Amino acid sequence: MNNHQNQINQKISADLSLKVLEQIPTPVMVVDRDFKIIFMNESGCKLLKESWESIKGRYCYEMFNSQHCRKPECRMKRVMENGDSSTARNEVRINEKVMYIEYTAAPLRDEQGNIIGGLEYILDITDRVRQEQKLREQSRIITEISTPAIKLWNRIVVLPVVGVVDSARAQQMMDTILKKITETSSKVIILDIQGVAAVDTAVANHLIKIAKATKLMGCRCIISGISPAVAQTIVQLGIDLGDVITNSTLEDALADAFALLNLEVTRKK
């Protein structure tokens, strides 16, 4: 009698578990060790626009056609190998429609603890990813606008720098300068740092790297906008700017640029 009751309780528990999985509003999938689908809840069937009868027994990589499918990045493959749950972002193509998902895979074990497959649930993060892409593009545009390379004279370009100079900003500045040198065949670049809030060792090193990169392209770099406070900071930190020409004002930097190009400005009589 007890065995019979236990069987009934186990069946009730299994039926209840299936009902819970069916009511979860995000896709849930279970596969065996061969990656054949042995369960897909209603949300998953709707995502694939297929009936359970047409999905059952098919390979998961055939249905989702994701960037991770049949590759080492596949989290389902990993959990069946090491038994640890894993979460990752992925890009899937379903019925020619590209979606971005976040999926979590967990091992499916039998009563003895042996891994017999894997369970996966999926979150559609397409809107979130597209918003992130939009924000990154906006950030890129703002950075480009805030770091304009201006042709000041024939073969002379000035780059007014305003704000904080971190690694990403320095790389963007370097890209902008090197591109401008190629476009204009410039021989002198003036980095005007009057608008930089503070100059420390990291900022100075970024500027030195930019100066070295421009020199490799046959272009001299002049740093202008050195204030008394910045000059004291550079000395106190023991920063060596090497052979980089420095000036306190953009006017003086332009005069040095003319001298480097053997140009002379005279008053018209």
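Worth saying up front: this structure is predicted, and the values here are computed from it rather than measured. (Residues numbered from 1 in each chain as written. Predicted model: local features only at pLDDT ≥ 70, side-chain atom pairs only at ≥ 80, totals over all residues. Heavy atoms only, no water.)

Draft legend 1. Summary view of the side chain of Ser186. In this fold, Ser186 is placed in the loop between α7 (167-184) and β8 (188-196). A polar contact of 2.4 Å, which involves the side chain of Ser186, links it to the side chain of Thr184. Other than its neighbours up to four places away in sequence, Ser186 contacts Arg155, Ile156, Val157, Lys180, Ile181 and Cys219. (Helix = DSSP H or I, 4+ residues; strand = E, 2+ residues; numbered from the N terminus. Polar contact = N/O pair within 3.5 Å; in protein donor to acceptor, adjacent residues only side chain to side chain. Contact = heavy atoms within 4.5 Å.)

Draft legend 2. Here's a closer look at the packing of aromatic side chains. Under the definition given, this model contains two aromatic pairs. Relative to Tyr61, the ring of Tyr59 has its centre 5.1 Å away and its plane inclined at 10 degrees; by these criteria the two rings are stacked. For Tyr59, a relative accessible area of 26% gives the class partly exposed. On the basis of an interplanar angle of 75 degrees and a centroid distance of 4.9 Å, the ring pair of Trp153 and Phe258 is categorised as edge-to-face. One end of the pair, Trp153, is in strand β6 (residues 150-153); the other, Phe258, is in helix α10 (residues 250-260), and 105 residues separate them in sequence. Using a relative accessible area of 44% as the deciding quantity, one classes Trp153 as partly exposed. Look at Phe258 and you get buried, because its relative accessible area is 10%. (Phe/Tyr/Trp six-rings, centres within 6.5 Å; stacked < 30°, edge-to-face > 60°. Buried < 20%, exposed > 50% of the residue type's maximum accessible area, 1.4 Å probe, protein only.)

Draft legend 3. View of the sheet that holds strand β9 (residues 220-224). The strand order across the open sheet formed by five strands is β6-β7-β8-β9-β10, and the pairing between neighbours is mixed. Strand pairing shows two members of the sheet lacking a second neighbour, β6 and β10 (245-246), which therefore form its edges. In this sheet, β10 lies alongside β9 in parallel orientation, the contact comprising two bridges. In the sheet register, Ile223 faces β10, and the bridge partner there is Thr246. Taken strand by strand, α7 contacts β6, β7 (156-163) and β8, and its axis lies near 165 degrees from that of β7. (Pairing = 2+ DSSP bridges. Axes fitted to C-alpha atoms, helices over the stretch in contact; angles between N-to-C directions.)

Draft legend 4. Spotlight on the environment of Thr233. In this fold, Thr233 is placed in helix α9 (residues 228-236). Expressed as a C-alpha distance, the spacing of Thr233 and Thr201, which sit 32 residues apart in the sequence, is 9.2 Å.

Draft legend 5. Quick look at the confidence of the model for the protein chain. Averaged over the protein chain, the pLDDT score is 86; the fraction of residues at 70 or greater is 89%. Within the protein chain, helix α1 (residues 2-23) has the poorest average pLDDT of any element, 53, and β9 the best, 94. Predicted confidence is poor over residues 7-14, with pLDDT under 50, and the contacts of this stretch with residues over four places away or in other chains come to zero contacts. (pLDDT = per-residue confidence, 0-100.)

Draft legend 6. Highlighting empty space enclosed by the protein. The final tally for this structure, using the stated rule, is one cavity of 30 Å³ or more. Taken together, Ile193, Val199, Ala204, Leu207, Ile223, Ile226, Val230, Ile234 and Leu241 make up the lining of the largest cavity. Secondary structure elements with two or more residues in the lining of the largest cavity: α8 (201-216) and α9. Per-class residue counts for the lining of the largest cavity are nine nonpolar, no polar and no charged. (1 Å grid on protein atoms, 1.4 Å probe; cavity = no way out; pocket = protein on both sides within 12 Å on 5 of 7 lines; lining within 4 Å. Points joined across faces, edges and corners; volume = space filled by probe spheres on them. Nonpolar A, V, L, I, M, F, W, Y, C, P; charged D, E, K, R; others polar.)

Draft legend 7. Representation of the sheet that holds strand β3 (residues 86-94). Taken together, five strands build an open sheet; the order of strands is β2-β1-β5-β4-β3 and the sheet is antiparallel. Strands with a single pairing partner mark the edges of an open sheet, and in this sheet they are β2 (37-40) and β3. The average undirected angle you get between the axes of adjacent strands in this sheet is 30 degrees. Direction of pairing for strand β1 (residues 28-32) relative to β2: antiparallel, over a ladder of three bridges. Bridge assignment links Val31 to a residue of β2, and that residue is Ile37. Sheet strands touched by helix α5 (residues 75-82): β1, β3, β4 (97-109) and β5 (115-124). Its angle to β5, the strand with the most contacts, is close to 145 degrees.

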